[in-house]
Amino acid sequence: GDGRPPWFLVPLLVLWANLHASYPIAIAIAGLMALDAIFRQEAGRRPGLFLQWAAFGAVCLACLGLTPGFYEPLLIGFETMNADVAMRHIAEWQPLEAKGIGLLGFVMLAAALLLLVTDLRRNLFRILLVALFGYMMIEHRRFMGDFALVTLIVVAEPLGRFAPPPRPGAPQGPAQQLLLVSVVGLAALAAAIAASGRYEPDHSIAPTAALDAARRFGLEGPVYNAADFGGFLVANGVKTFVD
């Protein structure tokens, strides 16, 4: 928009810091998008905008400490990234493989970068942001969700410039035609998958039969579970030993 920081997002950052451990990525997002917003404006406005974004950044950093543990959760996040021994034994912290859903991640990364480099000067900070989250995703597969969310937001405006919506009655250009075919193709593929049968999660991470048997026999008490079963058990109302 006009380059000014989005102050209305500050309460959302406080909520994020108290709900999920991924909130340190807000620092990278805010920093690079601030530079993007500043350098898109006229040179005369940049010093004033820099001061506004600096104030915004200071308030955001202060808000990251508004948790029951003060700043300790923020520090734990960085410590976890360096816990090499544990990382080697937890599947979601392994590198991304170019197969299955991982292949989609590599395709998204390549497509986003190809789109952004078409206007290198205007998209420089967006390229850095996508590259950063792409690196995180390749290094640790658990960041694929973060990469997808951030990348979709970052490429939205450049995609609008690359393939602007046609005026009523005007013929569509090659970019619009390619985009339309891609969207229709993905929708058809999703419909085909949905119609092919009932989808169930992989039993290697969702022990449905074991949970059904435990409930059938009325078993209660603490659960000692494998880490990969954590999400499934939490979703089914079971208090886990480790998630």
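Report follows, based on the coordinates. Keep in mind it's a predicted model, so treat the numbers as computed, not measured.

On to the overall build of the chain. Scanning the chain from N- to C-terminus turns up 11 helices and 0 strands. Reading the chain from its N terminus to its C terminus gives the helix and strand order α-α-α-α-α-α-α-α-α-α-α. Considered along the principal axes of its C-alpha atoms, the chain spans approximately 70 × 50 × 30 Å. By the burial criterion, 27% of the 243 residues in the chain qualify as buried.

What follows is about the environment of Gly102. Examined against the element boundaries, Gly102 turns out to sit in helix H6 (residues 101-116). For the pair Gly102 and Met144, spaced 42 residues apart in the sequence, the C-alpha separation amounts to 8.3 Å. Excluding anything up to four places from it in sequence, Gly102 contacts Leu96 and Glu97.

Moving on: the pattern of salt bridges. For the coordinates displayed, the defined rule picks out 10 salt bridges. With a shortest N-O distance of 3.4 Å, Arg161 and Asp119 are connected by a salt bridge. Of this pair, Arg161 sits in helix H8 (residues 144-162) while Asp119 sits in the loop between H6 and helix H7 (120-139), placing them 42 residues apart in sequence. For the salt bridge of Glu157 with Arg161, the shortest nitrogen-to-oxygen distance reads 3.1 Å. A residue pair is termed a helical-turn pair when its members lie 3 or 4 positions apart in one helix, as Glu157 and Arg161 do in helix H8 at 4 residues.

Turning our eyes to something else, we now look at the packing of H6 against H8. For the pair H6 and H8, interaxial distance at closest approach is 10 Å and the crossing angle is 30 degrees. In terms of orientation, H6 lies roughly parallel with respect to H8. With respect to the hand of their crossing, H6 and H8 are arranged in left-handed fashion. The segment H6 lies against H8, with Ile101, Leu104, Gly105, Met108, Leu109, Ala112, Leu115 and Leu116 engaging Met144, Phe147, Ala148, Thr151, Val155, Pro158, Leu159 and Phe162. Its residues assigned to classes, the contact of H6 with H8 comprises 14 nonpolar, 2 polar and no charged.

For the rest of this paragraph, the subject is the nonpolar core. With 22 residues, the main nonpolar core has Leu129, Val130, Phe133, Met137 and Phe147 as its most contacted residues. Elements with a minimum of two residues in this core: helix H2 (25-39), H6, H7 and H8. By residue number, the principal contributor to this core is H7, which donates 7 residues. Other than its neighbours up to four places away in sequence, Phe147 contacts Gly105, Met108, Leu109, Val130, Phe133, Gly134 and Met137. Formed by 15 residues, the second largest nonpolar core is a distinct cluster that contains Ala17, Leu49, Trp53 and Cys60.

All right, on to H7 then. The largest bend in H7 comes to about 40 degrees, at Arg126. Among the residues making up H7, those that are buried are Asn123, Phe125, Arg126, Ile127, Leu129, Val130, Phe133, Gly134, Met136 and Met137. Buried positions along H7 lie against H2, H6 and H8.

Conventions we followed
- Residues numbered from 1 in each chain as written.
- Predicted model: local features only at pLDDT ≥ 70, side-chain atom pairs only at ≥ 80, totals over all residues.
- Heavy atoms only, no water.
- Helix = DSSP H or I, 4+ residues; strand = E, 2+ residues; numbered from the N terminus.
- Buried < 20%, exposed > 50% of the residue type's maximum accessible area, 1.4 Å probe, protein only.
- Contact = heavy atoms within 4.5 Å.
- Salt bridge = Lys/Arg side-chain N within 4 Å of Asp/Glu carboxyl O.
- Axes fitted to C-alpha atoms, helices over the stretch in contact; angles between N-to-C directions.
- Parallel < 35°, antiparallel > 145°, perpendicular 65-115°, else oblique.
- Left-handed = near helix turned anticlockwise from the far one by under 90°.
- Nonpolar A, V, L, I, M, F, W, Y, C, P; charged D, E, K, R; others polar.
- Core = buried A, V, L, I, M, F, W, Y, C linked by side-chain atoms within 4.5 Å.
- Bend = angle between axes of the 7 residues up to and from the residue.

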